[in-house]
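Descriptive structure summary
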Amino acid sequence: MQKTPTWQKIREHPELLHIFDTREKVIDSIRTFFKSQSFREVETPLLVKSPGTEPYLEVFETRLRCGDSIQSSAFLTTSPELQMKQLLAAGFGNIFQITKSFRNDEGLSDMHNPEFTILEWYRTNADYTHVMHDCEQLLLSILDQVHPSSGQKLLYQGLAYDLAPPWDRISVAEAFSRYAGINEDALHEEEKILAAARKKGYSISDSDTWETMYNQIFLNEIEPHLGVHGPTILFDYPISQAALAKKKSSDPRYAERFEFYIGGLELGNAFSELLDWEEQKSRMVADLQLRQELGKTPYSLDKNFIAALKSGLHPTGGIAVGVDRLVMLFADVAGVNETLTFPVSELFE
């Protein structure tokens, strides 16, 4: 059955315009916040030859044609991260961007739209702890602009969330111990985490790995507790979940990575950025191999990104934040589709 398009819903229910007024205010507030701190706003391409290598993200693929003889595979970016870091290498300093990104094969839900708006910022001469502070101040700044009479309390889906810093912080190891009863030793050993999952009643096959069980336990037993009573920062991920984050010098079993949650929503993913070009290249080559094993769309490593890292970057903290989910919070709606004028679920049957 064809869904009623958003333009028609708004025409029939003009009170819905407040959601899009809120969207505009949220985006204006983001720009005001970063420009007040002398961040440079940048633009990077949506169409690239080599997107990020995250093994579990699928891309949108197309063809670039330049006349009859030159053709190339091309991809919509899943994040502007690789291109923004090349600008850091060029000497742009503190930068931010609000742009579109695209992720295929994730399905349609209250939390996902294949085309989405993403905010990324990078603070130089900084690490992930500085980005934690940025998140606290940014959310308060948005709240002040969107709901100026609310103090530091955000109302979302009938509950009040105090955005006053410092936010609650919990490490991944502590979260697994507190919410899943899995101690730190078991967290890092495949046999022990599989045994713990088996004891809990998870269905385990011969092909299941540490990562399979980690993800299942995380999604079922950890994530439902995060951001429920107030903003929560989950930090220090196992090194296998590091992505583009640097190892902790004090404990190389972990990476300097965090995610933050409010109202049960995962809103952002942050790193102390990995600057060792050889380690980063090794990780990305391994990710591309895993993508091949998982049957994902193949493409090549971004050599310009590796060359930029090799040229040298200052210590940097960076984060990607879902803008549509931020709008959900501040407009007090239950799904991302309600924040979009043209959600994919309306454009494609």
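All values reported here derive from a predicted model rather than from experimental measurement.

Rules used in this analysis
- Residues numbered from 1 in each chain as written.
- Predicted model: local features only at pLDDT ≥ 70, side-chain atom pairs only at ≥ 80, totals over all residues.
- Heavy atoms only, no water.
- Pairing = 2+ DSSP bridges.
- Helix = DSSP H or I, 4+ residues; strand = E, 2+ residues; numbered from the N terminus.
- Core = buried A, V, L, I, M, F, W, Y, C linked by side-chain atoms within 4.5 Å.
- Buried < 20%, exposed > 50% of the residue type's maximum accessible area, 1.4 Å probe, protein only.
- Contact = heavy atoms within 4.5 Å.
- Phe/Tyr/Trp six-rings, centres within 6.5 Å; stacked < 30°, edge-to-face > 60°.
- Lys NZ or Arg CZ within 6 Å of the ring centre and 35° of its normal.
- Axes fitted to C-alpha atoms, helices over the stretch in contact; angles between N-to-C directions.
- Left-handed = near helix turned anticlockwise from the far one by under 90°.
- Nonpolar A, V, L, I, M, F, W, Y, C, P; charged D, E, K, R; others polar.
- Salt bridge = Lys/Arg side-chain N within 4 Å of Asp/Glu carboxyl O.

**Points about the sheet that holds strand β2 (residues 47-48)**
- Pairing is antiparallel across the open sheet formed by three strands, whose spatial order is β2-β4-β3. At either margin of the open sheet sits one strand with a lone partner, and together these are β2 and β3 (61-66).
- With two bridges joining them, β2 and strand β4 (residues 70-76) adopt antiparallel strand pairing. Residue pairing for β4: L47 is matched across the bridge by L76.

**Notes on the nonpolar core**
- Ranked by internal contacts, the top residues of the largest apolar core, which has 47 residues, are I30, L119, W121, F258, F260 and F330.
- Per element, the largest residue contribution to this core is 10 residues, and it comes from helix α4 (residues 128-146).
- Every residue in contact with L119, bar those within four places of it in the chain, is listed here: I30, F34, F96, Q97, I98, L138, I319, A320, V321 and V323.
- Judged by nonpolar contacts, the second largest core, of 25 residues, contains I170, A186, Y214 and I222.

**Regarding the pairing of strand β12 (residues 265-272)**
- Of all eight residues making up β12, six are buried, and the element is well covered by its neighbours.
- In this sheet, β12 lies alongside strand β11 (residues 254-262) in antiparallel orientation, the contact comprising six bridges. Bridging from a neighbouring strand, Y261 pairs with E266 of β12.
- As defined by bridge partners, β12 adjoins strand β13 (residues 316-322) across five bridges and the pair is classed as antiparallel. Each residue of the ladder has a partner; that of A270, found in β13, is I319.

**As for the packing of aromatic side chains**
- Summed over the entire model, instances satisfying the criterion amount to 10 aromatic pairs.
- Judged by centre distance (4.9 Å) and plane angle (45 degrees), the rings of F34 and W121 are tilted. One end of the pair, F34, is in helix α2 (residues 17-36); the other, W121, is in strand β6 (residues 115-124), and 87 residues separate them in sequence. Of the two residues, F34 and W121, both sit in the buried class.
- Put simply, the rings of F33, F34, F39, F96 and W121 pair up and form one aromatic cluster.
- R40 extends its terminal NZ or CZ atom over the ring of F92, reaching a point 5.2 Å from the ring centre.
- Of note, R257 hangs over the ring of Y237, and the distance from its end group to the ring centre comes to 4.1 Å.

**Points about the packing of helix α3 (residues 81-90) against helix α10 (residues 303-311)**
- At a minimum axis separation of 9 Å, α3 and α10 run at an interaxial angle of 30 degrees. For α3 against α10, the interelement crossing comes out left-handed. Residues L82, K85, Q86 and A89 of α3 lie in contact with α10, whose contacting residues are N304, F305, A308 and S311.
- Here the contact of α3 with α10 is built from residues that sort into four nonpolar, three polar and one charged.

**Some remarks on the pattern of salt bridges**
- Summed over all chains, the structure comprises 19 salt bridges.
- For K100, the salt bridge is made with E115, and the minimal N-O distance between the two is 3.8 Å. Taken together, the positions of K100 in strand β5 (residues 95-102) and E115 in strand β6 put the pair 15 residues apart, joining distant regions of the chain.
- The salt bridge involving E266 is made with R325; its shortest N-O contact spans 3.9 Å. Note that E266 is positioned in strand β12 and R325 in helix α11 (residues 323-331), a separation of 59 residues in sequence.
- Taken together, the shared-partner salt bridges connect R31, K35 and E41 into one network.

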